[in-house]
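Below are the chains, spelled out letter by letter.
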Amino acid sequence: MHVFATLVAAPSTVTDGAETVAVLVLLSQYAMFRAGLSRSQVRLYAFQSLSVSALALIVAATRHIGELYVLAGLSLLLKVILVPSVIMRVLKEVRGDLAGSHRFGVATMVLCAIVLSVFGVFVVEGMPIHSKSLPLPALALAAAVVLVAFLLVIVRSDVVSQAVGFFSLENGVSVASLVLAAGLPFIAEVAFLFDLLVAVVVFGLLMRVHHGRAATLSTRHLERLRG
Amino acid sequence: MASAHVIALRGGKVSGTELDPAEIQVLQDLTILAFAPFVSGAIAHFEARLQGRRGPRILQPYYDIAKLFRKETLVPEDASFVFLVCPVVAIACYLTVPLLIPVLTNYPLPLGYMGDILGGGFILALAGFAVALGAAETGGPYAQLGSSRAMTFGALIEPSILFVTFTVALVTTTDLPYFEAAAVRSSFAQFVHPAHLLAALAFFLVVLSDTGRIPVETHASTLEFGMIDEARTLEHSGPPFALLKWGSAMKQMILYVILINVFVAPWGLAGSGQLGAVLLAIPVFLGKALGIGAVFAVIDNSFSKLRLFKITEFMAAAFLIAVLAVLVLYLVGR
Amino acid sequence: MAGVLVALLVLPLAASLSSWWARPALTRALTLVSGVATFALALALVPSTGVTAAFGGWLRADSLSIVFLLAVAFLYAATAVFSLGYVRQGEETPEARRYTRRFFAGLNLFAWAMVAAPLMGSLALLWVAIEVTTVVSALLVAIDDTDGAVEAAWKYVLIASMGLGIALLATLVMYYAGTSALGSSNELFYAKLLGAAHGFSPEVVRLSFGLAVLGFGTKMGLVPVHTWLPDAHSEAPTPVSALLSGALLTVSFYAILRFYEVSVRAVGPAFPRDVLLVFGLASLGLAALYLADQRDLKRLLAYSSVEHMGILAIGMSFSAPVAVVGVLLHVLAHAAGKSTAFFGAGSVVRKFGTKELHRVRGVVSALPWSGPMLLLAVLALSAMPPFGLFRSEFLIVEGGLSSQATALSAVLVVLVTVAFLGLSWHASEAMLTPMPEGTVRGETSAWMVGAMVVGMIALVVLGVHPPSQLSELITHAAGELGGAR
């Protein structure tokens, strides 16, 4: 509960704002998890990335890290504009079967997501971590985002959901990096974004190949390889 | 109730514009009683306008209720006296709850300590139970269908209400609605606190479900299969039906009061017992209620109703948000 | 020596880039030259027991990284030779040319990323290099464009990328652990981390190590996060399977070892070893069982890889230095053995037109050279003397016994024996039976046989008498890994 104490002792509007944005990141993760339509998932992903960029901006402004402005701009360009538009383009070429790839009941899965996020939050809360850039709750929320992203990939059976799940995992990691490592070597951060770019290309390519072969975006028939 | 009236009568002797707390308390009830049909009518009118229709008059609910009071009462053959008592019990419940919540004043009135949010919730649930019981009494298939559905979904939305209450309790260390409202008023930071926003959102969803709005129910439909709340009153007629209609408008108003004056916009309430201030609080509240009502109407027009078995997903979402509110509060602190 | 590091990074990249433009014949030649030269450069680094660094520490090679570099470079060279036979020549259709171009560009780029990984001086760049390997190899897995290949590639890229997301989290947490002692401008250089590790917060380092094993373990093929591995190995083109199994998995193991080094210094040996032991036992146990019930030749070899990754993890969990020496030797021997086996499997698939074990019969008679060598390679993978894997597993068990882990050593031996039974049962059934009528006796390509010969030589050399400089290098690297405590 030490976190509790320190934050109550020294509240500030900026960190409050940061927390609200971090909560938005998690909320959009849940929304992605629930969303039936691939298109709305991609839009939610764009919104989540926008929140992450906003967080980067907040950190840049409060701690005066010039590089972070660049990083926020790059991630805005890449994750809010480029990645969603690439996936949207793939979707545009596809007609039909965009909805409802839940393997289990949504309500059940939402309860699982709640349990997972509570787990993530408590694990991180127990860590002796103090951050100068962002309040620790953001890290706990990032952990929850990562876990729910995993669940999303597991319980959805279409390539778009799975790709979006992976990208939102990266968003969670981005938030964690803002909390833990606001001064991480710039080159590593840029490399991270570059990787994301390449991942988009690979995912986009594979999605298209997959659709070309199977004429569907569902992954239900991808179970030939077993054992 | 009875003691409140006694106090009110004695308070009437106090001269000047300073109102006795008991008088204010009565005024709260009267506000709900008098203006609930107005708010319902205004929302229905606005909704019709959104759909490009001219819609009913804003005062139509009053005319409906007045007409029903003039009609005879028909009781199904198999129904007992419970059928007729239930609407009265419901309206009594709806008259009790406004005594507990901040309708007009921003400071707690004496009877405000009589029950907390949970207490108010119980009384509302009792009203719901009474209506369901009355419906079950008739033996009519649709009425029974409606009452069983209403009880089921009522039970499913209950956890969300509980978690919203927990949030309030964690913020204020009480679960009296007055203190939550005061906490929200206290600073902007408190207002944009993620936990508060989440709790407000969760409660918004609860209201959406409890007032029978899309995506849970099409509140103005005549299609029995999708009905939940509406189906329960199908067998009623005459004055008891008028009470039920009135009661449902009051329930909606009460929920709006809690949503607005506790969570979303607890401003514009009377800060003292001055007659002018208290009377001014009425139109201010009505304005806010119409604003929220407009939001509900827009939602009604922009989404489609969920299939019955998908409603649990809606409930799960509300629950998720409510849990998240508690979680965030635990993490972030007050 | 710094020049060697730069050359190692330039060569495969140049070969990859030129593959896009050059004619097929030239591409083949360039790939061969690049592969052999990379191996030669790696060999040149063996005698240097100190630390070679360039570009202010961003490039760095110590004994540990040279061991892994050797494994990667050897596989690169062997695979380059094998690929010359695997990718058919002479068909000058546009499709064939495009395939050749893509294949060699991808192969060289894949090798480049894996050569780069052990040379990175910082945990952040190590992560980047490994992420690049995922991206490139996923495209290589899908290159055949069959249903199976696309399915395997999708699973692979998704699961491995998620795993690497976790690994990135581990890297970030390690960075945070470092800020307490090194300030916020530390670049996650190993040298600095190792020096200051004893001052790190133990809880944070434990979290980081756990995440690292889970994350990089996904790419290494540790159970239960191995699920992509058999699919990708069986559906990829054979040279890519060999690289995946021999080099990619070990490079991921290298990343885990880097975290291990820091963690041992920060929190003591108990926690990292326990984590590795759990994952190792799960991998070895499950793989041993799966080996008994395989119907696909390449999947059989893939599960054997899971088994050997499990052995590596268990070996690291024994605290004795001799076990660590065994682990590092095992990395090299497994690279040689598994690549030889995959090359043999490639010849079999080419000859019989199927990977299904029950339709492959009489390999030894049908393929006069690669048949017997495949059989020997499978025996080597089952840790038969006189091959390198016998020596390394012997050392690991010896280390286990000397560190009072008798029961664990016994379990290890039992599980390896179970794996041996499964592997040799299937192998002997497919190989020592009479060949089906109508099969023509003969090899399909001299290049493919040549690659196997190279692998067999390496296996025997490592088993009979490793060169003294190599032994010194491994001992030195094991000393680095052993930690200060």
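Residues numbered from 1 in each chain as written. Chains lettered and ligands numbered in written order. Predicted model: local features only at pLDDT ≥ 70, side-chain atom pairs only at ≥ 80, totals over all residues. Heavy atoms only, no water.

J.: Give a detailed account of the overall build of chain A, specifying residues and quantitative values.
T.: For chain A, the count of helices and strands is 8 helices and 0 strands. Going from N to C terminus, chain A has its helices and strands arranged as α-α-α-α-α-α-α-α. When the 227 residues of chain A are sorted by exposure, 59% land in the buried category. Considering only residue pairs separated by 6 or more positions, chain A has 79% of its internal contacts joining residues 24 or more positions apart. Accessible area for chain A stands at about 8600 Å²; split by element, carbon and sulfur atoms hold 71% of it. (Helix = DSSP H or I, 4+ residues; strand = E, 2+ residues; numbered from the N terminus. Buried < 20%, exposed > 50% of the residue type's maximum accessible area, 1.4 Å probe, protein only. Contact = heavy atoms within 4.5 Å. Areas by Shrake-Rupley, 256 points an atom, 1.4 Å probe, with all protein chains shown as cover.)

J.: Describe the overall build of chain B, with residues and values.
T.: Looking only at helices and strands, one finds 12 helices and 0 strands in chain B. For chain B, the α and β elements follow one another from N to C terminus as α-α-α-α-α-α-α-α-α-α-α-α. Relative to the globule expectation of 20 Å for 334 residues, the C-alpha radius of gyration of chain B, 20 Å, shows essentially globular dimensions. For chain B, the proportion of its 334 residues judged to be buried stands at 54%. (Rg over C-alpha atoms; globule rule 2.2 N^0.38 Å.)

J.: How would you sum up the pattern of salt bridges? Please name residues and give values.
T.: One pass over the full model with this rule turns up 12 salt bridges over all chains. As a salt-bridge pair, B:Arg213 and B:Asp300 come within 3.6 Å of each other at their nearest N and O atoms. Of the two residues, B:Arg213 sits in the loop between α9 (194-210) and α10 (238-264) while B:Asp300 sits in helix α11 (residues 275-302), which places them 87 residues apart along the sequence. When the shortest N-O distance is used, the salt bridge between C:Glu151 and C:Lys155 registers 3.2 Å. With a gap of 4 residues between them, C:Glu151 and C:Lys155 both fall in helix α6 (residues 147-182), about one helical turn apart. Residues C:Glu151 and C:Lys155 agree in their burial class; the two are buried. In this structure, a network of salt bridges that share partners links the residues C:Arg60, C:Asp62, C:Arg258 and C:Glu261. (Salt bridge = Lys/Arg side-chain N within 4 Å of Asp/Glu carboxyl O.)

J.: Now, about the arrangement of the chains: what can you tell me, with residues and values included?
T.: There are 2 pairs of chains in contact here; the most contacts are made by chains A and C. If you take every C-alpha in chain B and every C-alpha in chain C, the smallest gap between them is 19 Å, and the two do not touch.

J.: Talk me through a nonpolar patch on the surface; I want residue IDs and the actual numbers.
T.: Residue and element names in this part refer to chain B. On the surface, a cluster of nonpolar side chains totalling about 610 Å² of accessible area is made up of Phe-81, Val-85, Val-89, Leu-126, Phe-129, Leu-133 and Met-151. Every element with two or more residues in the nonpolar patch is listed here: α4 (82-96) and α5 (117-138). With 3 residues, the top contributor of residues to the nonpolar patch is α5. With respect to the helices and strands, Phe-81 occurs in the loop between α3 (60-70) and α4. Phe-81 sits in the exposed class, given a relative accessible area of 61%. (Patch = residues over 30% accessible without salt bridge, like charges linked within 9 Å, V, L, I, M, F, W, Y side chains within 5 Å.)

J.: Help me get a handle on the packing of aromatic side chains, residues and values and all.
T.: Residue and element names in this part refer to chain C. For the coordinates displayed, the defined rule picks out 25 aromatic pairs over all chains. Pairing Phe-68 with Tyr-254 gives two aromatic rings, centres 5.2 Å apart and planes at 55°, and the pair type is tilted. Note that Phe-68 is positioned in helix α3 (residues 63-86) and Tyr-254 in helix α10 (residues 238-267), a separation of 186 residues in sequence. Tyr-254 gets classed as buried once you look at its relative accessible area, which sits at 0%. Here a set of aromatic residues connected by ring pairs shows up, and it is made of Phe-82, Tyr-86, Tyr-99, Phe-103, Phe-104 and Phe-343. (Phe/Tyr/Trp six-rings, centres within 6.5 Å; stacked < 30°, edge-to-face > 60°.)

J.: Give me the interface of chain C and chain A: which residues, what numbers.
T.: Tallying the contact residues gives 47 residues for chain C and 43 residues for chain A. Between chain C and chain A the total buried area reaches about 3900 Å² when both faces are included, carbon and sulfur atoms providing 76% of it. Ranking the residues of chain C by area buried against chain A places C:Trp154, C:Met162 and C:Tyr176 at the top, with a combined share of 20%. For the pair chain C and chain A, the number of links is 0 salt bridges. Linking chain C with chain A are 1 residue pair in polar contact (both at pLDDT 80 or more). (Buried area = accessible area lost by both parts, 1.4 Å probe. Polar contact = N/O pair within 3.5 Å; in protein donor to acceptor, adjacent residues only side chain to side chain.)

J.: Could you give an account of the environment of A:Ile87, with specific residues and numbers?
T.: Residue and element names in this part refer to chain A. Inspection of the secondary structure assignment puts Ile-87 in helix α4 (residues 66-93). Looking at Ile-87, the relative accessible area reads 3%, which means it is buried. Separated by 77 residues in sequence, Ile-87 and Val-164 have C-alpha atoms that sit 8.8 Å apart. In this structure, Ile-87 is in contact with Val-42, Val-160, Val-164 and Phe-167, ignoring residues within four places of it in sequence.

J.: I'd love a proper account of the interface of chain A and chain B, names of residues and values included.
T.: One frequent convention defines the size of an interface as the accessible area lost when the parts assemble. Contacts between chain A and chain B engage 25 residues on the former and 22 residues on the latter. Taken together, both faces of the contact between chain A and chain B bury some 2200 Å²; the carbon and sulfur share is 81%. In this assembly, chain A and chain B are joined by 0 salt bridges. On the surface where chain A and chain B come into contact, there are 1 residue pair in polar contact (both at pLDDT 80 or more). Elements with a contribution of two residues or more to the side of chain A that touches chain B: α1 (2-9), α2 (13-34), α5 (106-125) and α6 (136-155) of chain A. Looking at the side of chain A that touches chain B, the element that brings in the most residues is α5(A), giving 9 residues. Looking at the side of chain A that touches chain B residue by residue, the classes come out as 20 nonpolar, 1 polar and 4 charged. (Nonpolar A, V, L, I, M, F, W, Y, C, P; charged D, E, K, R; others polar.)

J.: Quick one: what's the story with unusual backbone geometry, residue by residue and with numbers?
T.: Of note, the amide linkage connecting C:Val223 to C:Pro224 takes the cis form, showing an omega dihedral of 10°. With respect to the element layout, C:Pro224 can be found in the loop between α8 (202-220) and α9 (228-235). The peptide bond linking C:Pro385 to C:Pro386 adopts the cis configuration, its omega dihedral lying at 10°. Position of C:Pro386 among the secondary structure elements: in the loop between α15 (370-381) and α16 (388-402). Positioned with a positive phi, B:Thr173 is a non-glycine residue whose angle comes to about 60°. Along the chain, B:Thr173 falls in the loop between α6 (141-172) and α7 (177-186). Its identity is not glycine, yet C:Gln404 carries a phi of approximately 65°, on the positive side. By secondary structure assignment, the location of C:Gln404 is in the loop between α16 and α17 (406-431).

J.: Break down the confidence of the model for chain A for me, citing the residues and quoting the values.
T.: Residue and element names in this part refer to chain A. Put simply, chain A has an average pLDDT of 78, and 81% of its residues get 70 or more. Per-element averaging of pLDDT across chain A places α1 at the bottom with 37 and helix α3 (residues 38-63) at the top with 89. In this model residues 1-11 is a low-confidence stretch, pLDDT under 50, and it forms 18 contacts with partners more than four residues away in sequence or in other chains. (pLDDT = per-residue confidence, 0-100.)

J.: Describe α7(B), listing the residues and the values that go with them.
T.: Within α7(B), the full set of buried residues consists of B:Pro177, B:Tyr178, B:Glu180, B:Ala181, B:Ala183 and B:Val184. Packing partners of the buried residues in α7(B) comprise α2 (21-50), α5, α6, α8 (188-191), α9 and α10 of chain B.

J.: I'd like a description of α6(C), backed by residues and values.
T.: Helix length check: α6(C), at 36 residues, gives a terminal C-alpha distance of 50 Å against a target of 52 Å (1.5 Å per residue), a fit within 8%. Burial runs high along α6(C): 30 of the 36 residues are buried. (Expected span 1.5 Å × (residues − 1).)

J.: Go over a positive patch on the surface with me, naming the residues and quoting the values.
T.: All names here are of chain B. Together, Lys-67, Arg-70, Lys-71 and Lys-245 make up a region of like positive charge exposed at the surface. Its location among the elements puts Arg-70 in helix α3. By relative accessible area, which is 68% here, Arg-70 ends up exposed. (Lys, Arg positive; Asp, Glu negative; His and termini not counted. Charge placed at Lys NZ, Arg CZ, Asp CG, Glu CD.)

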